[in-house]
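# Notes for the structure review
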Amino acid sequence: MKLTKEPITVAAIINGEKIHTEKKIQRENPTHPNEIVGYAPNNTREETIQAIDAAFNAFKTWAWTDVDDRINRMRTAIQKIKDATPEIAELLSREHGKALYDSQGEIAISLMWMEFACDHVKKVTAPETMEHENGKTIITHDPIGVVSAITPWNYPLSLSTIKIAPALLTGNTMVLKPSPLAPLAVSRVTEIIADEFPPGVLNLVNGDAEVGVELTSNEKVAKIAFTGGTKTAKHIMKAASDTIKKMTLELGGNDAAIVLEDFDVNDERALRRMVISNFLTAGQICMIAKRVYVHRSIYDAFVEKYIEAANKWIRVGDPFNPDVTVGPVNNKNQVDYVKSLIEDAKSKGAKVIPLGTILNPELMENGYFLQPTLVLDADYQDPIVVEEQFGPTVPILPFDDEEQVIELHNESIYGLTSSVWGEQEHAISVARRIEAGTTMINTAAVQGLDVRFPFGGVKQSGVGREYGEDGIKSYTETHVINLPNNLELPYIPE
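Residues numbered from 1 in each chain as written. Predicted model: local features only at pLDDT ≥ 70, side-chain atom pairs only at ≥ 80, totals over all residues. Heavy atoms only, no water.

### Notes on the sheet that holds strand β4 (residues 24–28)
Across the sheet, which stays open at both edges, the 3 strands sit in the order β1-β5-β4 with mixed pairing between neighbours. Two strands in the sheet have a free side with no partner beyond their single neighbour: β1 (8–9) and β4. Here β1 runs beside strand β5 (residues 36–41); their pairing, made up of 2 bridges, is parallel. Bridge assignment links Ile8 to a residue of β5, and that residue is Gly38. Contacting β1, β4 and β5, helix α6 (residues 184–194) runs over the sheet at an angle of about 55 degrees to β5. (Pairing = 2+ DSSP bridges. Helix = DSSP H or I, 4+ residues; strand = E, 2+ residues; numbered from the N terminus. Contact = heavy atoms within 4.5 Å. Axes fitted to C-alpha atoms, helices over the stretch in contact; angles between N-to-C directions.)

Here it is as structure tokens:
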């Protein structure tokens, strides 16, 4: 795959066939919005039904294939993705806006997970046989059926492969729908994987609401794997309720970082980790630290050192400039939303401090750029604090004691990830009282992610877990086969 600056066109994949449509989704370059990066198909409800039917029919045989065959096919796809990494990373940066190193990192995380899933699927799905006083019991972990996977734009590759790999390796089939705001690179990766599997095992469609509705309500779909907003997930749950589908939902978060009084404000590496946890991918990560609470005794010193660290690391500009650490925001709607939160905070008396250096000022006016900002003196209940910004801004607020900050954290309707910063044992004791799916100690966001362990949210941040062996097992049904010694019926009155 060789890229040019000419627009590319990707296809849908239905039953092994590449399908092009007359009506297309157009994706612009967030750095240069007048440049069209490429086009994806705008599939219809009827084409979506065809994809689901193809997956449904393929499942009848794919479910019973040998697991070693599945693993070998996936490992071949992994190698092909590795070989195509330079081109895929370039395409992702052009359509998404994330810096090139960030795109390369996303591919690396995707491959790391796919390899983990290959290494562990046999262990997770191995039948268990138990001899006991009542006879024998066999427990199997069987594939579920057709999986509808719906993925967002912020990490399109990793949030698609996190679903594709365990689903296919455990014997399921899939129909994947990427976000129209980043459909190109994920279509390339999906095509590479689909080419290694029988027709119908992995299908790809793009489109608007009617496609999503079909994927979440069609009776032949057995499981929905969705990453995205909590509001959308509520509609998905309603659509799926008539047929009681299995679900894995990784949803929004308003993840907090808690900085304890024993945190060393002179630890430059820790401050750098904090800054990166706020502004990586221009703040557009579900598990990024979106609000920072600092003990009042070190608040002023922390803010001073934080600004120093931010000004060293943050360099805004063209994603292909090797010195750039923060590129543009993905789309104009997100730019406008983040701006509205900042303006609301300013109107209420908050202080907004621009951070970092603009390396390519000529791009700022026309591209979807926002200079990262620090917000001070906001109220605990201001929208910029209680809502998920999903952009390059972060509020830092003081707290007086641990009871107060734990309450501030836990009163949120969300609970995806969190972080606690300070002396290790002290930080762990606070972390145990935090309501979140994952809490990291002295780091946050992608820096603290480990694909070997389960990931997901509590409360309105999600249902179920991805990554780790739990993430593989979530694509299986437990089937118990009992062989009792005593086949006589218990006493039943005539």
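### Re the nonpolar core
Ranked by internal contacts, the top residues of the largest apolar core, which has 102 residues, are Met74, Leu168, Ile193, Phe302, Tyr306 and Ile396. Here this core gets 10 residues from one element, more than from any other, and that element is helix α4 (residues 100–125). In contact with Tyr306, not counting residues within four places along its chain, are Leu271, Met274, Val275, Asn278, Phe279, Leu355, Leu374, Val394 and Ile396. Counting residues in hydrophobic clusters, the runner-up holds 28 residues, among them Val335, Val338, Leu341 and Phe399. (Core = buried A, V, L, I, M, F, W, Y, C linked by side-chain atoms within 4.5 Å. Buried < 20%, exposed > 50% of the residue type's maximum accessible area, 1.4 Å probe, protein only.)

### Here we look at the pattern of salt bridges
In this structure the tally under the stated criterion is 23 salt bridges. Across the pair Lys246 and Glu477 runs a salt bridge whose closest N-O atoms are separated by 3.6 Å. Within this pair, whereas Lys246 is found in strand β12 (residues 246–250), its partner Glu477 is found in strand β23 (residues 476–484), the two being separated by 231 residues in sequence. Relative accessible area serves as the criterion here: at 39%, Lys246 is assigned to the partly exposed category. Glu477 sits in the partly exposed class, given a relative accessible area of 31%. Salt bridges linked by common partners bring Asp344, Lys348 and Asp382 together as one network. (Salt bridge = Lys/Arg side-chain N within 4 Å of Asp/Glu carboxyl O.)

### With respect to the sheet that holds strand β6 (residues 128–132)
Pairing within the open sheet is antiparallel, and its 3 strands lie in the order β6-β7-β23. Unpaired on one side and paired on the other, β6 and β23 mark the two borders of the sheet. Within this sheet the neighbouring strands show an average axis-to-axis angle of 15 degrees, counted without direction.

Any link to function would need more than the numbers given here.
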